[in-house]
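Overview (structure and organization)
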Number of protein chains: 2
Amino acid sequence: MTKTIEDFKKILQEKNIRLSHQRLKVLEYLVQNKTHPSVDDIYINLQKDLPSLSKATVYNTLNMLEEVGLVNVLTIEDNENHYEITSKNHGHFKCTSCKKIYDFTLDVEEIKSTDLADFEIKERDVYFRGLCPECLDSDQDSSDK
Amino acid sequence: MTKTIEDFKKILQEKNIRLSHQRLKVLEYLVQNKTHPSVDDIYINLQKDLPSLSKATVYNTLNMLEEVGLVNVLTIEDNENHYEITSKNHGHFKCTSCKKIYDFTLDVEEIKSTDLADFEIKERDVYFRGLCPECLDSDQDSSDK
DNA sequence: TTCTTAATTTATAATCATTATAATTTAATA
DNA sequence: TATTAAATTATAATGATTATAAATTAAGAA
Ligand SMILES: [Mn+2]
Ligand SMILES: [Mn+2]
Ligand SMILES: [Zn+2]
Ligand SMILES: [Zn+2]
């Protein structure tokens, strides 16, 4: 079910999109890091192996991957986008304390509203925000005697 | 149920927040325009009556109103925030063609996931994107003979 | 394998939303 | 009406993202 780099190579080749080293590295990063990274996260980490990498390339690659449907953009934060490999639909929870973005099981296709009978829905995002268990725990610690 | 400017005045006064002319105008704009406007929308329209209005004031006011819970910020778009008076929970649909943001009936409190049992959820946003009926109609027109 | 060339990457500048700063103005109270 | 802390304004600064143009490269042809 979960796609490998080889699967992605095949998909991009079928669309006549060149398999540049940079593009494959960005894809690999997203496949290996299911942390919903920002452009900066990706850029800083890939730079270790690719010192010549340009941030524009990371943007270009992510925009291209989004266009062909291989990656999904999260606008759960108001100042910075986050990215993930497109996968079975699920919801996202952002902890306002540690800033981590968690996946949670949810069939967003099941969310219905009669108001939308005549709308063509193409994307569905469910974003929750609050405190994650780790941060709730440490909150308690700090309020302990 | 739906609050008037007088209701808002009372709430702000109770919190010792000054009822400046600019703040009341921003609130009034949001009460009268249920269109999920951006800062620019609000700024451009209020400027007609308040030529000296500063965009920083619109930002300051909206941030303050969000902090006290009277307005809600939508991050449905990746480059610009949109605002609305806080109201009973509902979902948002953004038409990717005409850019309008529509409300739709949905009890977001009813969206549950066992994965979140130990999380403290404070905000819930449901964002759908696609084509609205008007844009679907005009699409059809343009494909007609 | 080497050559060719259009596509990609890079470095850099530009844009745009948002926030910060500091001087000016004002709401609320005495 | 006078006082003053808070709000507004003008402006600069920041930070994410996009645009541009020159240098590099992937992929097919020879
Ligand atoms: Mn996810
Ligand atoms: Mn709404
Ligand atoms: Zn946390
Ligand atoms: Zn539309």
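Described in the following lines is the structure provided in the data block. Being a predicted model, the structure only gives us computed values, none of them experimental.

Before going further, it helps to examine unusual backbone geometry. All names here are of chain A. You will see that asparagine 16, though not glycine, has its phi angle at about 60°, which is positive. Residue position: asparagine 16 is located in the loop between helix 1 (5-14) and helix 2 (21-32). With phi around 70°, lysine 99 is a residue other than glycine that occupies positive phi space. Along the polypeptide, lysine 99 turns up in the loop between strand 3 (90-95) and strand 4 (101-105).

Moving on, we come to the interface of chain A and chain B. With 31 residues of chain A at the interface, the matching set in chain B holds 32 residues. Approximately 3000 Å² of surface area, both sides summed, lies buried where chain A meets chain B, with 60% of it carried by carbon and sulfur atoms. It is Phe119, Phe128 and Arg129 of chain A in chain A that bury the most area against chain B; as a group they hold 21% of the surface buried on that side. Scanning the region where chain A abuts chain B turns up four salt bridges. Glutamate 123 of chain A serves as the salt-bridge partner of arginine 129 of chain B, at 3.4 Å between the closest nitrogen and oxygen. Counting the contacts that link chain A with chain B gives 15 residue pairs in polar contact (both at pLDDT 80 or more).

With that settled, consider the sheet that holds strand 4 (residues 101-104) of chain B. One open sheet holds the six strands; their spatial order is 4(A)-3(A)-5(A)-5(B)-3(B)-4(B), and the pairing between them is mixed. Sheet topology places strand 4 of chain A together with strand 4 of chain B at the edges, where each strand pairs with a single neighbour. The average angle at which neighbouring strand axes cross in this sheet is 30°, direction not considered.

This part covers the coordination of the manganese ion (ligand 1). Coordination angles at a metal have ideal targets, namely 109.5 degrees for four tetrahedral donors and 90 or 180 degrees for six octahedral donors. Residue and element names in this part refer to chain A. The manganese ion (ligand 1) binds to the protein through His36 (NE2), Glu84 (OE), His90 (NE2), His92 (NE2) and Asp103 (OD); the donor distances cover 2.0 to 2.3 Å. Taken in sequence order, the residues that donate to the manganese ion (ligand 1) follow the motif H-x47-E-x5-H-x1-H-x10-D. With histidine 36 in the loop between helix 2 and helix 3 (39-47) and histidine 90 in strand 3, this pair connects stretches of sequence that are 54 residues apart. As far as the burial class goes, histidine 36 and histidine 90 line up, both buried.

With that settled, consider the protein's contact with DNA strand D. Residues in contact with DNA strand D amount to 18 residues; listed here are only the nearest, Tyr59 of chain A together with Ser20, Gln22, Arg23 and Thr57 of chain B. Between DNA strand D and threonine 57 of chain B there is a distance of 2.7 Å, counted from a phosphate oxygen to a side-chain nitrogen or oxygen. Of all the secondary structure elements, the ones that give two or more residues to the surface near DNA strand D are helix 4 (55-67) of chain A together with helix 2 (21-32) and helix 4 (55-67) of chain B.

The rules behind these values
- Residues numbered from 1 in each chain as written.
- Chains lettered and ligands numbered in written order.
- Predicted model: local features only at pLDDT ≥ 70, side-chain atom pairs only at ≥ 80, totals over all residues.
- Heavy atoms only, no water.
- Helix = DSSP H or I, 4+ residues; strand = E, 2+ residues; numbered from the N terminus.
- Contact = heavy atoms within 4.5 Å.
- Buried area = accessible area lost by both parts, 1.4 Å probe.
- Salt bridge = Lys/Arg side-chain N within 4 Å of Asp/Glu carboxyl O.
- Polar contact = N/O pair within 3.5 Å; in protein donor to acceptor, adjacent residues only side chain to side chain.
- Pairing = 2+ DSSP bridges.
- Axes fitted to C-alpha atoms, helices over the stretch in contact; angles between N-to-C directions.
- Donors = N, O, S within 2.8 Å, 3.2 Å for Na, K, Ca; no water.
- Buried < 20%, exposed > 50% of the residue type's maximum accessible area, 1.4 Å probe, protein only.
- Near = heavy atom within 4 Å.

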